[in-house]
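# Structural overview for review
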Amino acid sequence: MRLMGEGTTFRRSLRVDVRDDALSPFGGLVLLREFEERTAFLGRFLAGLVDPRRACQSVHGLATLLRFAVYRIVLGLPDVMDAERLRHDPVLRACLSPESGDRLPGPLAGKSTLHRFLTRILTLRPNRRVLWRGLVDSALHPLLARKRKVKRVYVDMDSTEIEVHGEQQGAVNNGHFRSVCYHALSLSLAPYGTTLVVLLRPGNVYTAH
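Rules used throughout
Residues numbered from 1 in each chain as written. Predicted model: local features only at pLDDT ≥ 70, side-chain atom pairs only at ≥ 80, totals over all residues. Heavy atoms only, no water. Helix = DSSP H or I, 4+ residues; strand = E, 2+ residues; numbered from the N terminus. Buried < 20%, exposed > 50% of the residue type's maximum accessible area, 1.4 Å probe, protein only. Pairing = 2+ DSSP bridges. Expected span 1.5 Å × (residues − 1). Bend = angle between axes of the 7 residues up to and from the residue. Contact = heavy atoms within 4.5 Å. Core = buried A, V, L, I, M, F, W, Y, C linked by side-chain atoms within 4.5 Å. Salt bridge = Lys/Arg side-chain N within 4 Å of Asp/Glu carboxyl O. Axes fitted to C-alpha atoms, helices over the stretch in contact; angles between N-to-C directions. Parallel < 35°, antiparallel > 145°, perpendicular 65-115°, else oblique. Left-handed = near helix turned anticlockwise from the far one by under 90°. Nonpolar A, V, L, I, M, F, W, Y, C, P; charged D, E, K, R; others polar. Patch = residues over 30% accessible without salt bridge, like charges linked within 9 Å, V, L, I, M, F, W, Y side chains within 5 Å. Areas by Shrake-Rupley, 256 points an atom, 1.4 Å probe, with all protein chains shown as cover. Lys, Arg positive; Asp, Glu negative; His and termini not counted. Charge placed at Lys NZ, Arg CZ, Asp CG, Glu CD.

## Looking at the environment of S97
Checked against the element boundaries, S97 lands in the loop between α5 (90-95) and α6 (111-121). Here S97 falls in the buried class, since its relative accessible area comes to 3%. Between the C-alpha atom of S97 and that of A63, which follows or precedes it by 34 residues, the distance is 9.9 Å.

See the structure below:
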């Protein structure tokens, strides 16, 4: 059964078929990439990111690394260690490849490369500014896209537990959650479910603080 009679917008040659011999458990990633391509969601972040690496020393581009980091979380595999399991997946490699090829010539980034991207490149001051601006723009998009002017906006403030493993700076045991965690604070537009900002706080900060 052919799910898509035509090629995907991000690469016309890609087709999706339902067959008995599954090569990957992540076939739905094709639809995720299609959604991302049509909404230009990650484009808000990719446009202004700064890459401090030398071109001759970088195998994986920023666009591929950012998509790999985001798609991995969507798949429910947020641990960086999961990159070793995912980097050889044929569907993921096909979804992250440029339009000119069927898939990336080699495996995706390993755990060390992905970790450096998340902790050294994205944490640069100009990149943090780009990420924050992209997050706010994405959150406000459904509000600004309305034809009628909105006179009142409700902002929801809530805290959430982010459990961590290992000796992470600021991670503290929280007696209520019974875990070593961060106790993050988030602001969101309640009617739209979009996040405006997330503040990462130590795990022992009181909920009402």
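Back to the write-up after that little detour.
## Structural notes on the pairing of strand β4 (residues 194-199)
Two strands pair when backbone bridges link them, and strand β3 (residues 179-189) and β4 are joined in this way by five bridges, in the antiparallel orientation. If you follow L185 over to β4, its bridge partner there is L199. Counted along the chain from β3 to the antiparallel partner β4, the turn is four residues long, and its residue G193 has a positive phi close to 70°.

## Considerations on helix α7 (residues 125-144)
Over its 20 residues, α7 extends 27 Å from the first C-alpha to the last, a length consistent with the 28 Å expected when each residue adds 1.5 Å. The largest bend in α7 is about 25°, located at S138, with the proline P142 one to four residues further on. Taken together, the buried positions of α7 are N127, V130, G134, V136, S138, A139 and L143. Those residues of α7 hidden inside the fold are in contact with α2 (43-46), α6, β3 and β4.

## Some remarks on the nonpolar core
Ranked by size, the top nonpolar core spans 26 residues in total, and within it L29, F68, L92 and F117 carry the most contacts. Once residues lying within four places of it in the same chain are set aside, the contact partners of L29 are Y71, L75, V91, L92 and C95.

## Quick word on the pattern of salt bridges
Throughout the structure, instances matching the rule amount to five salt bridges. Residue E36 is joined to R33 by a salt bridge in which the shortest nitrogen-to-oxygen separation is 3.7 Å. Taken as a pair, E36 and R33 lie in helix α1 (residues 29-39) at a separation of three residues, close to a single helical turn. E37 serves as the salt-bridge partner of R33, at 3.5 Å between the closest nitrogen and oxygen. Linking R33 with E37, this pair stays in helix α1, spanning four residues, or about one helical turn. Overall, the relative accessible area of 34% leaves E37 in the partly exposed class. Each of R33, E36, E37 and R67 takes part in salt bridges that share partners, so that together they form one network.

## Things to note about the packing of α1 against helix α3 (residues 62-74)
Closest axis-to-axis distance for the α1/α3 pair is 12 Å, and the angle between their directions is 125°. Regarding the angle of α1 to α3, the classification is oblique. Along this stretch, α1 crosses α3, giving a crossing that reads as right-handed. Touching L29, L32, R33, E36 and E37 of α1 are R67, Y71 and V74, all from α3. Along the lines of polarity and charge, the residues of the contact of α1 with α3 split into four nonpolar, no polar and four charged.

## Focus: a positive patch on the surface
On the surface, R125, R128, R129 and R133 cluster together into a positively charged patch. With respect to the helices and strands, R125 occurs in helix α7.

## Regarding the pairing of β3
Across the eleven residues that make up β3, a large majority, nine, are buried. Examined bridge by bridge, strand β1 (residues 155-163) and β3 share nine bridges and lie antiparallel to one another. Across the sheet, the residue bridging to E163 is C181, located in β3. Looking at chain direction, strand β2 (residues 172-174) and β3 are connected through three bridges and run antiparallel. Within the sheet, the bridge partner assigned to N173 lies in β3 and is V180. Hairpin connection, β2 to β3: the antiparallel pair is bridged by four residues, and R178 has positive phi, about 55°.

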